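What follows is each chain in one-letter form.
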Amino acid sequence: MTALNHSHIAAKQPERVVVGPPPVKIQVRGLNFFYGSNQALRNVDFDVITHAVTALIGPSGCGKTTFLRTMNRMNDQIPGARAVGTVLLDGTDIHGPDVDVTALRRRVGMVFQRSNPFPKTIYENVAFGLRIAGIRDHYVIDEAVENSLRLAALWDEVKDNLNGLALQLSGGQQQRLCIARALAVKPDVLLMDEPASALDPISTGKIEELIEDLKSRYTIVIVTHNMQQAARISEYTGFFYMGELIEYGPTVKIFTTPSEKRTEDYVTGRFG
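What comes next is a walk through the structure. For clarity, every value in this text was computed on a predicted model and none was experimentally measured. (Residues numbered from 1 in each chain as written. Predicted model: local features only at pLDDT ≥ 70, side-chain atom pairs only at ≥ 80, totals over all residues. Heavy atoms only, no water.)

What to know about the overall build of the protein
In terms of helices and strands, the protein carries 11 helices and 10 strands. Radius of gyration (C-alpha) of the protein: 19 Å, near the 19 Å computed for a compact globule of 272 residues. Among the 272 residues that make up the protein, the fraction classed as buried is 50%. Within the protein, contacts between residues at least 6 apart in sequence are counted, and of these 69% link residues at least 24 apart. (Helix = DSSP H or I, 4+ residues; strand = E, 2+ residues; numbered from the N terminus. Rg over C-alpha atoms; globule rule 2.2 N^0.38 Å. Buried < 20%, exposed > 50% of the residue type's maximum accessible area, 1.4 Å probe, protein only. Contact = heavy atoms within 4.5 Å.)

Let's talk about the layout of surface pockets
Empty space among the atoms can be located by rolling a probe the size of a water molecule over them. Taken as a whole, the largest pocket holds about 570 Å³ of empty space. In terms of lining, the largest pocket is formed by 22 residues, of which the most central are Arg105, Phe128, Gly129, Arg181 and Val185. Contributing elements (two or more residues each) for the lining of the largest pocket: α3 (101-107), β6 (108-111), α4 (122-132) and α7 (171-183). No other element matches β6, which puts 4 residues into the lining of the largest pocket. For the lining of the largest pocket, the class distribution of residues is 13 nonpolar, 6 polar and 3 charged. Taken as a whole, the second largest pocket encloses approximately 260 Å³ of empty space. Around the second largest pocket sit 16 residues that line it, and Ala144, Ser148, Leu183, Ala184 and Lys186 are the ones nearest its centre. For the lining of the second largest pocket, the element with the highest residue contribution is helix α5 (residues 138-151), accounting for 6 residues. (1 Å grid on protein atoms, 1.4 Å probe; cavity = no way out; pocket = protein on both sides within 12 Å on 5 of 7 lines; lining within 4 Å. Points joined across faces, edges and corners; volume = space filled by probe spheres on them. Nonpolar A, V, L, I, M, F, W, Y, C, P; charged D, E, K, R; others polar.)

Describing the nonpolar core
Leu149, Ile179 and Leu190 are the most contacted members of the largest nonpolar core, which has 46 residues in total. Setting aside residues no more than four positions away along its own chain, Leu149 makes contact with Val126, Leu154, Trp155, Val158, Leu162, Leu177 and Ala180. In this structure, Leu31, Phe33, Val44 and Met74 belong to the second largest nonpolar core, which totals 26 residues. (Core = buried A, V, L, I, M, F, W, Y, C linked by side-chain atoms within 4.5 Å.)

Topic: the packing of aromatic side chains
Across all of its chains, the model carries 9 aromatic pairs by this definition. Between the aromatic rings of Phe118 and Phe128, the centroid separation amounts to 4.6 Å while the plane-to-plane angle is 55°, which identifies the pairing as tilted. Here Phe118, found in the loop between β6 and α4, pairs with Phe128, found in helix α4; they are 10 residues apart in sequence, far enough to count as distant. Relative accessible area serves as the criterion here: at 25%, Phe118 is assigned to the partly exposed category. Classification of Phe128 as partly exposed rests on a relative accessible area of 33%. One aromatic cluster in this structure is built from Phe46, Phe67, Tyr236, Phe240 and Tyr248. Over the ring of Phe34 we find Arg82, and its NZ or CZ is 4.3 Å from the ring centre. Taking NZ or CZ as reference, Arg181 lies 4.1 Å from the ring centre of Phe118, over its face. (Phe/Tyr/Trp six-rings, centres within 6.5 Å; stacked < 30°, edge-to-face > 60°. Lys NZ or Arg CZ within 6 Å of the ring centre and 35° of its normal.)

Concerning the pairing of strand β2 (residues 38-49)
With 8 bridges connecting them, strand β1 (residues 24-35) and β2 associate as antiparallel partners. Each bridged residue has a counterpart across the sheet, and for Val24 the counterpart in β2 is Ile49. (Pairing = 2+ DSSP bridges.)

Honestly, it's all geometry; don't read function into it.
And the structure:
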């Protein structure tokens, strides 16, 4: 890992002028997470700020992806996995007995490291979540498909081939299609697990531009191993190490004047 150019990072500042504390979309308190007897997260306190990009950084196996997946209970699908602690979405405990997990995952969408389009047409990939939600009006679906593809900066590239197979798209296009699929059900939050790690530099640039455009509409949390990417696209950064949240704050502070030596060592490439 190369050391970061601090002059480049220092130019990245939160864009909105906020009076008082910034609004919190997801509040995590005292979160511990276990895979069977293995503890993957330890006493994590974390605030996800509304309409901002939050980056999660840290070495492989430090708990970043586990933490990301706790925010829409994706880890529930793993046998023996359990969370202890509080995760509030707009003040409501997502582990509450009355929470509909399917509805939660519509509100907190997920984009994975590798694009995973269904073996269906481009149109049906985007429409899938709407049909699962019981929407049958084809005019409503048509509008949602177009709007979602536009939001994902893909409409102009596929509008004349909506009945073409999604698997025939390029890797970068497939990833933007997966983003469009997540956006079609109108989430509040978009979780992204290294969405550009398998892409070439041009496609990565398009994904980063897309994230920049989307944050005015959505709250975005992204896991990334790319320090320069975290510095470019995020307003807030959390550094995880061995299951613990070592430091969290505005990205410019984390990368230029971190409070913890372990954070400084990591972002300057001394380890990890």
